[in-house]
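Remarks on the overall topology
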Amino acid sequence: MSKVLNYFSEAFEELKINVTWPVWADVQKYTIIVALFSVTFALATWGVDELFSKAIAGFFNWIK
């Protein structure tokens, strides 16, 4: 049990000392960038899915 506690204690110390944390303004900016990219990527994926869905439906209607 002491090994586990020692591990978490050392990990927490490393996070406090060795990690360079971004400033709040950068966090907000990067959050907006990630959110916009996620929405854009989701819309692009939906668009390609709709395109292929219609293409496959059209193909099967054509071969009937």
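Our structure is the block above this text.
Residues numbered from 1 in each chain as written. Predicted model: local features only at pLDDT ≥ 70, side-chain atom pairs only at ≥ 80, totals over all residues. Heavy atoms only, no water.

Focus on the overall build of the chain
Along its length, the chain carries 2 helices and 0 strands. Against the compact-globule benchmark of 11 Å for 64 residues, the chain has a radius of gyration of 24 Å, which places it well outside the compact range. Taking the principal axes of its C-alpha atoms as reference, the chain extends roughly 70 × 35 × 10 Å. A total of 64 residues make up the chain; the buried ones form 0% of that total. Surface exposure of the chain reaches about 6300 Å², of which carbon and sulfur atoms provide 72%. Computed over 5 positive and 6 negative side-chain charges, the separation of the two mean positions in the chain equals 9 Å. (Helix = DSSP H or I, 4+ residues; strand = E, 2+ residues; numbered from the N terminus. Rg over C-alpha atoms; globule rule 2.2 N^0.38 Å. Buried < 20%, exposed > 50% of the residue type's maximum accessible area, 1.4 Å probe, protein only. Areas by Shrake-Rupley, 256 points an atom, 1.4 Å probe, with all protein chains shown as cover. Lys, Arg positive; Asp, Glu negative; His and termini not counted. Charge placed at Lys NZ, Arg CZ, Asp CG, Glu CD.)

Brief notes about the environment of F59
The topology assignment puts F59 in helix α2 (residues 24-63). The exposure class of F59 is partly exposed, given its relative accessible area of 43%.

Some details on the pattern of salt bridges
Using the criterion set out here, one finds 1 salt bridge in the structure. Across the pair K16 and E13 runs a salt bridge, and its minimum N-O distance is 3.4 Å. Placement of both K16 and E13 in helix α1 (residues 2-17) is noted, with a separation of 3 residues, approximately one turn of the helix. (Salt bridge = Lys/Arg side-chain N within 4 Å of Asp/Glu carboxyl O.)

Comments concerning the environment of L36
Relative to the helices and strands, L36 resides in helix α2. With a relative accessible area of 55%, L36 lands in the exposed category. Along the primary structure L36 and I17 are separated by 19 residues, whereas in three dimensions their C-alpha atoms are 32 Å apart.

Everything listed is a geometric property; what it means functionally is a separate question.
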